Amino acid sequence: MSTTTSSALSKDVLLVLFITPRNEEWISRVKAKHPGLEIRWANILEDGGTFSKMKDPGDEIFQGVTLGFCFQYPPAAERLQSVRFIQLPSAGIDFWSGHETFNRKEVTFCTANGVHAPQIAEWVIGSYLSHQHHFNRYAQSMKTGLWEPPFATTVQDCTIARMGILGYGAIGRQCARIAKSMGMDIYAYTRSERSTPESRKDDSYCVPGTGDPDGLLPTKWFHGSSKEAINDFLSQDLDILVLALPLTKESQGLISTEQFEILGKKKTFVSNVARGGIINTDALVDALESGKIRGAALDVTDPEPLPADHKLWKSPNLLITPHVSWQSQALMSRVLNILETNLDNLGAGRPLINVVSKEFGY
């Protein structure tokens with residue numbers, strides 16, 4: 001007598017819209033754990049294309065889909081009428097803002113918060129060290145064979161520096177881990193108060209051996225959503241300010257002329273690996289051109305992509321990269337690990353990881 005094994009996901013259809021070909025090994029493993037689960041996979045990156053130009057997989061592939069994995073691709077709402085769970089491969093959810101599917105209470109969204117932390121933290125630290133040690137200037141000198149006399153007094157090493165992290169999530173915590181190992185003092189800022197050891201713990205996905213899962217690294221914690229609270233944090237003699245918070249209505253244009261005036265007292269270096277809209281671009285240009293801040297490193301801009309003739313390109317003491325700090329050869333395996341973990345949790349009725357608060361937008 002034959003028996004049919006089924007699982008809690010046996011009636012579900014998972015649609016993976018990703019930027020790589022099908023991962024047959026991953027698909028086989030997941031289907032073995034969840035008999036009956038149908039998995040559809042579409043590579044939506046155009047051959048030789050960019051993230052701004054992705055293939056539309058068509059209507060048919062969405063029929064009956066209940067579980068989704070979408071790489072910055074919010075399809076038309078009518079294609080997702082049956083969906084109950086969407087796993088995002090990104091840490092931010094701002095590109096789903098206002099989407100009908102996101103606003104449906106019965107649809108749970110989870111992010112990939114944590115998978116990008118190691119590489120983005122390396123970008124933050126690397127760009128800061130490059131600025132502090134004048135690597136770009138020396139690279140230019142190499143082109144003409146210029147041997148410059150030393151300027152040791154202009155170099156501030158990390159043992160006397162303070163890093164302020166606005167948004168102490170997975171990325172901020174890994175920045176803190178590296179900075180602390182180099183001797184930096186860490187000040188952390190969160191929207192909600194974290195006054196107890198338990199509240200300072202991080203329950204999001206964490207690459208083993210990274211981050212600050214117990215929240216032990218900051219010397220001081222700050223919190224709040226008011227401009228006064230933000231300004232108080234910015235006035236703490238920060239040598240480097242790392243922006244690692246989500247883009248929401250509250251954080252749009254958060255760092256502007258008034259805030260750069262405050263940062264100017266210490267000539268703080270500003271590093272933005274969050275979203276370009278958190279900074280008022282005109283105010284940033286003015287702060288750089290006037291020498292109010294010592295420099296900045298941006299992996300995100302507003303607007304984005306940044307037009308070739310935009311004045312930001314010519315601002316002094318500035319590094320711009322085209323939203324690439326998240327890139328890593330380990331990214332795909334980490335993202336699929338989160339998706340697999342949440343599928344397992346769904347099947348077993350356990351709490352999901354990295355669940356999005358639709359109230360706060362992260």
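Sequence order as written defines the numbering, with residues in each chain counted from 1. Per-residue local features are limited, in this predicted model, to residues with pLDDT of at least 70; the limit for side-chain atom pairs, both in listing and counting, is 80 or more; totals at the level of whole chains, interfaces and linings are taken over all residues. Heavy atoms from the whole structure form the basis of all side-chain values; hydrogens and water molecules are not counted.

1. Here's the deal with the pattern of salt bridges
Each reported salt bridge corresponds to a side-chain nitrogen of Lys or Arg within 4 Å of a carboxyl oxygen of Asp or Glu. Here the structure, examined in full by the defined rule, presents 20 salt bridges. For D59, the salt bridge goes to R79, with nearest N and O atoms at 2.7 Å. Here D59, found in the loop between strand 2 (38–43) and strand 3 (67–70), pairs with R79, found in the loop between strand 3 and strand 4 (85–87); they are 20 residues apart in sequence, far enough to count as distant. Only protein chains enter the area calculation, which uses a 1.4 Å probe; residues under 20% of their type maximum are buried, those over 50% are exposed, and those in between are partly exposed. In this structure R79 comes out as buried when scored by relative accessible area, which is 14%. Between D282 and K311 there is a salt bridge, and its shortest N-O distance comes to 3.2 Å. Pair noted here: D282 is in helix 8 (residues 281–289) and K311 is in the loop between strand 11 (295–298) and strand 12 (318–320), with a separation of 29 residues, a long-range link. On the basis of relative accessibility, which here comes to 44%, the residue K311 falls in the partly exposed class. Each of the salt bridges in this network shares a partner with another, and the network as a whole consists of R29, K33, E340 and D344. Secondary structure follows DSSP: runs of H or I at least 4 residues long count as helices, runs of E at least 2 residues long count as strands, and numbering of each begins at the N terminus.

2. Describing the nonpolar core
The biggest cluster of nonpolar side chains holds 78 residues, and the ones touching the most others in it are W26, M163, M184 and V242. At seven residues, the largest contribution of residues to this core is made by helix 3 (residues 117–132). Boundary definitions for the domains trace back to an automatic or database domain assignment. Composition of this core by domain shows at least three residues from each of domain 1 (13–113 + 329–348) and domain 2 (116–320). The contact criterion used throughout is that any non-hydrogen atoms of two residues lie within 4.5 Å. Non-local contacts of W26, meaning those with residues more than four positions away in its chain, are made with L14, I39, W41, L336, L339, E340 and L343. We call a set of buried Ala, Val, Leu, Ile, Met, Phe, Trp, Tyr and Cys residues a nonpolar core when their side-chain atoms join them within 4.5 Å. If you look at the next biggest cluster of nonpolar residues, it comprises 33 residues, including L243, A274, I278 and A287.

3. Comments concerning the sheet that holds strand 8 (residues 220–223)
In spatial order, the strands read 8-7-6-9-10-11-12; together these seven strands make up an open sheet with parallel pairing. Because the sheet does not close on itself, it has two edges, and the strands there are strand 8 and strand 12. With strand direction ignored, the average angle separating the axes of adjacent strands in the sheet is 15 degrees. Think of it this way: DSSP has to see at least two bridges between two strands before they count as a pair. Across four bridges, strand 9 (residues 240–243) lies against strand 10 (residues 269–272) in parallel orientation. Pairing of I240 across the sheet is with F269, part of strand 10. A fitted line through C-alpha atoms serves as each axis, taken over the contacting stretch for helices, and the angle formed by two N-to-C directions is quoted from 0 to 180°. Its contacts with the sheet place helix 5 (residues 170–181) against strand 6 (162–166), strand 7 (185–190), strand 8 and strand 9, and it is angled at close to 175 degrees to strand 6.

4. Digging into the UniProt feature "domain: D-isomer specific 2-hydroxyacid dehydrogenase NAD-binding" (unreviewed entry) in the protein
With numbering aligned to this structure, UniProt lists the feature "domain: D-isomer specific 2-hydroxyacid dehydrogenase NAD-binding" (unreviewed entry) at residues 127–197 and 234–325. Annotation note: span residues 234–325, helix share 18%, strand share 16%, distance between end C-alpha atoms 24 Å. UniProt positions are given in the numbering used here, feature names are shortened, and annotations may be inferred rather than shown by experiment.

5. Quick notes on empty space enclosed by the protein
Grid spacing is 1 Å over the protein atoms alone, the probe is 1.4 Å, and a cavity is where that probe fits but cannot get out, while a pocket is an open set with protein on both sides within 12 Å along at least five of seven lines and lining residues have an atom within 4 Å of a point. Grid points are joined across faces, edges and corners, and a volume is the space filled by probe spheres set on the points. Using the criterion set out here, one finds two cavities of 30 Å³ or more in the structure. Looking at the largest cavity, its volume works out to about 80 Å³. Broken down by element, the lining of the largest cavity gets its largest block of residues, three residues, from helix 5. Around the second largest cavity, the lining residues are N272, G276, I279, T281, L284, L298, V300, T301, D302 and L312. Side-chain classes are defined by residue name, with Ala, Val, Leu, Ile, Met, Phe, Trp, Tyr, Cys and Pro counting as nonpolar, Asp, Glu, Lys and Arg as charged, and the others, Gly among them, as polar. Its residues assigned to classes, the lining of the second largest cavity shows five nonpolar, four polar and one charged.

6. Considerations on the domain arrangement of the protein
Where the parts come together, the accessible area they lose is often given as the size of the interface. Partitioning the protein into domains gives domain 1 (13–113 + 329–348) and domain 2 (116–320). Between the C-alpha centres of domain 1 and domain 2 there is a distance of 31 Å. Contacts between the two partners involve twelve residues from domain 1 and, on the opposite side, nine residues from domain 2. When domain 1 packs against domain 2, the two sides together hide about 930 Å² of surface, and 50% of this comes from carbon and sulfur. The tally of links from domain 1 across to domain 2 stands at one salt bridge. A 1.4 Å probe defines the accessible area here, and the buried area is the portion of it lost by two parts on being joined, summed over both.

7. Considerations on the environment of I39
In this structure, I39 sits in strand 2. Residue classification places I39 among the buried positions, given a relative accessible area of 10%. The spacing of I39 and L15 is 24 residues in sequence and 6.0 Å in space, taken between C-alpha atoms. Not counting residues within four places of it along the chain, the set of residues in contact with I39 comprises L14, R22, W26, I27, V30 and K31.

8. A short note on the pairing of strand 9
Burial along strand 9 is two-sided: the face carrying I240 and V242 and the face carrying L241 and L243 are both buried. Where strand 6 lies against strand 9, four bridges are found, and the strand directions are parallel. What sits directly across from L166, in strand 9, is L243. A right-handed crossover is one whose linking path, passing over the helix from the first strand to the second, runs clockwise when the strands point away from the viewer. Read from strand 9 through helix 7 (residues 257–263) to strand 10, the crossover connection turns out right-handed.

9. Looking at the packing of aromatic side chains
Each Phe, Tyr or Trp ring (for Trp, its six-membered ring) is paired with any other whose centre lies within 6.5 Å, and the angle between the two planes then decides the class: stacked below 30 degrees, edge-to-face above 60, tilted in between. Applying the stated criterion to the full structure yields eleven aromatic pairs. Centre to centre, the rings of Y189 and F233 are 5.1 Å apart; their planes meet at 55 degrees, and the pair counts as tilted. Placement of Y189 in strand 7 and of F233 in helix 6 (residues 227–234) is noted, with a sequence separation of 44 residues between them. We note that Y189, like F233, is buried. Both rings, one in F360 and one in Y362, keep their centres 6.0 Å apart while their planes meet at 25 degrees; by these two values the pair is stacked. Residue F360 is classed as partly exposed on the basis of its relative accessible area, which comes to 30%. Feature note: the residues F18, W26, W41 and F69 constitute an aromatic cluster, connected by ring pairs. Ring-over charges, as used throughout, are those where CZ of Arg or NZ of Lys falls within 6 Å of the ring centre and within 35 degrees of the ring normal. Above the face of the Y138 ring, R137 is positioned so that its terminal group lies 5.1 Å from the ring centre.

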